[in-house]
Amino acid sequence: MKHMQPKVGFVSLGCPKALVDSEQIITQLRAEGYAISATYDDADLVVINTCGFIESAIDESLETIGDALGQNGKVIVTGCLGAKGDIVKNTYPNVLAVTGPHALQEVMDAVHAHLPPAHDPYTSLIPPQGIKLTPRHYAYLKISEGCNHRCSFCIIPALRGDLVSRPVNDVLQDAHHLVAAGVKELLVISQDTSAYGVDTKYKTTFWNGRPVKTRFQELVSMLSEFDTWVRLHYVYPYPHVDEVIPLMAQGKLLPYLDIPFQHASPSILKAMKRPASSENVLERLARWRDICPEIAIRSTFIVGFPGETEREFDELLEFLEAAQLDRVGCFKYSPVAGARSNALPDPVDEDTKQERLDLFMQVQEHISRGKLQQKIGQQLTVLVDEVNDQEILARSRYDAPEVDGLVIIEEDIGVKPGDWLRVKVTGSTEHDLYAEVVKSV
């Protein structure tokens, strides 16, 4: 009689970098013969990968742990919340184990201790690309852990440590496996993508017999040779980023950069300890657009940072108007336990934060609406994300999954997620485009 596989329930919370950690853990679980359960009730134990960056994320993580304990009773906690002292153990002393982020071996040790594997040579086999939690047609490619910056509002270095770049040959091999498995879009992620390789002094390794430096420019150049979309996230606007813009103009790399500017006022950037200035940023954006006019820039900002006056908020709005960014997210400042910004004077009250957030988004929505209206009549190649009874939801090369807009096609033509379409834009809103199919690609 076939031996029953031990089953592990898994919940992944937080950012794409945490999602990659979850994929690595699940891949190892499957490699060792564990089944992954879709429910708490059917699992022998549950692993929860938590987020601990802001208060709302901590609350969500603690609530999820409580739900899992209530419905299953056997819970292992990993992730950023696990690195924040004894919060988990003090709240739920009966969890089986607690680890920090990027702790594959510690999680597996805890699983082994409480649910030993039942080896089966058939179920222990996994595909070369590992187990992915994203749809089959796109995947996150994490190139490093940690960060060397010490932004005053951020505790990532305390949770994940200083920058540690993955060997470039390992990254390229992962990309090769993903593309071979049918992935059509690689989303390059880290805490600071453009700093890749600094910690290794740009060490040279070999991949497919070719010498490659562990450096941002070389990695991006190599990835641009893969037959897939390559999208860059979490890029600081260092001068050497200029070197990859020609690849975008040549169509080898998606004309898209995700750059977390966070603010534009010099005094607030100084208080945040951010390595940028709005004047330099505007000059760099102008140069990039000269080289690649269709480049799309996404960014995130914080309003209501301690000490932010009306004048400094106005500076942010002026920057927004001048920069004409394509995709923008904005958050109200939220104190994070352990962040140095908590000690800064002149906190902004919650009502003012909300007013500034609303005004900020009104300005950006006006910018976004105008930019998207300019695309009406254009033809775009899009990647299908979802198909339902009423419409096809797809994305152009200017839009990342989950965070950016959609191309909505109100037709039924028998396509599936991962298919390419050529469409003509017929309408727009402040966030999304509407289009009709020209042909399948």
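Since the model is a prediction, treat every value here as computed from it, not as a measurement.

Participant: Which residues make up the sheet that holds strand β18 (residues 407–409), and what values do they have?
Facilitator: The pairing of strands in a sheet happens through backbone hydrogen bonds and is either parallel or antiparallel. The strand order β16-β17-β18-β20-β19 describes a closed barrel built from five strands, whose pairing is mixed. With strand direction ignored, the average angle separating the axes of adjacent strands in the sheet is 50 degrees. Summarising the sheet, β18 and strand β20 (residues 433–440) pair through three bridges and their orientation is parallel. Among the inter-strand pairings, V407 is bridged to a residue of β20, identified as L433.

Participant: Kindly report on the nonpolar core, identifying the contributing residues and their values.
Facilitator: Counting residues in each nonpolar core, the largest one holds 65 residues, and the members touching the most others are L232, L257, F301 and F360. A per-element tally of this core places helix α11 (residues 310–323) first, with six residues. Excluding anything up to four places from it in sequence, F301 contacts F261, Q262, H263, L316, F319, L320, L325, V328, G329, C330, F331 and F360. Core analysis: the second largest hydrophobic core is formed by 28 residues, I189, A296, A394 and Y398 among them.

Participant: Please give an account of a negative patch on the surface that cites residues and values.
Facilitator: Taken together, the side chains of E55, D59, E60, E63 and D67 define an acidic patch exposed on the protein surface. Along the chain, E63 falls in helix α2 (residues 55–71). What makes E63 exposed here is its relative accessible area of 52%.

Participant: Account for the side chain of H137, with residues named and values stated.
Facilitator: Its place among the elements puts H137 in the loop between α4 (104–114) and β6 (138–142). Side-chain polar atoms of H137 contact the side chain of D385, separated by 2.7 Å. Setting aside residues no more than four positions away along its own chain, H137 makes contact with G182, V183, K184, E185, L383, V384, D385, P417 and G418.

Participant: Could you give an account of the packing of aromatic side chains, with specific residues and numbers?
Facilitator: Scanning the model with the defined rule gives 10 aromatic pairs in all. Between W229 and W420 the ring centres are 4.9 Å apart and the planes differ by 65 degrees, which places this aromatic pair in the edge-to-face class. Residue W229 is located in strand β12 (residues 229–232), and its partner W420 is located in strand β19 (residues 420–428); the two are separated by 191 residues in the primary sequence. On the basis of an interplanar angle of 10 degrees and a centroid distance of 5.7 Å, the ring pair of Y236 and Y238 is categorised as stacked. Look at Y236 and you get buried, because its relative accessible area is 6%. In textbook terms, an aromatic cluster arises when at least three aromatic residues are bridged by ring pairs, as seen for F261, F301, F319 and F360. The ring of Y256 is capped by R231, whose NZ or CZ atom sits 4.5 Å from the centre of that ring.

What counts, and at which threshold
Residue positions are given per chain, counted from 1 along the sequence in the order it is written. Per-residue local features are limited, in this predicted model, to residues with pLDDT of at least 70; the limit for side-chain atom pairs, both in listing and counting, is 80 or more; totals at the level of whole chains, interfaces and linings are taken over all residues. Note that water and hydrogens are dropped before the side-chain values are worked out from all heavy atoms of the structure. Think of it this way: DSSP has to see at least two bridges between two strands before they count as a pair. What counts as a helix is a DSSP run of H or I of at least four residues, what counts as a strand is a run of E of at least two, and both are numbered from the N terminus. Simply put, an axis is a line fit to the C-alpha atoms, just over the touching stretch for a helix, and the angle between two N-to-C directions goes from 0 to 180 degrees. As used in this record, nonpolar core signifies buried Ala, Val, Leu, Ile, Met, Phe, Trp, Tyr and Cys residues forming a set joined through side-chain atoms within 4.5 Å. Burial here depends on accessible area, computed with a 1.4 Å probe over protein chains only, as a share of the maximum for the residue type. Under 20% is buried, over 50% is exposed, and the range in between is partly exposed. Contacts: residue pairs with any heavy atoms within 4.5 Å of one another. A residue counts toward a patch only above 30% relative accessible area and without a salt bridge, and it is joined to like-charged neighbours within 9 Å or, for Val, Leu, Ile, Met, Phe, Trp and Tyr, to nonpolar neighbours within 5 Å. Note on areas: these come from Shrake-Rupley sampling with a 1.4 Å probe, and a residue is covered only by the protein chains present in the view. Every case where a carboxyl oxygen of Asp or Glu lies within 4 Å of a side-chain nitrogen of Lys or Arg is listed as a salt bridge. The sign given to each residue is positive for Lys and Arg and negative for Asp and Glu; His and the chain ends receive no count. Every charge is mapped to an atom, namely NZ of Lys, CZ of Arg, CG of Asp or CD of Glu. Between N or O atoms, a polar contact is any pair within 3.5 Å; within protein, one atom must be a potential hydrogen donor and the other a potential acceptor, and residues adjacent in sequence are included only when both atoms are from side chains. Ring pairs are drawn from Phe, Tyr and Trp, using the six-membered ring of Trp, whenever the two centres fall within 6.5 Å, and their geometry is named by plane angle: stacked under 30 degrees, edge-to-face over 60, tilted for the rest. Over a ring means this: the NZ of a Lys or the CZ of an Arg is within 6 Å of the ring centre and within 35 degrees of the ring normal.

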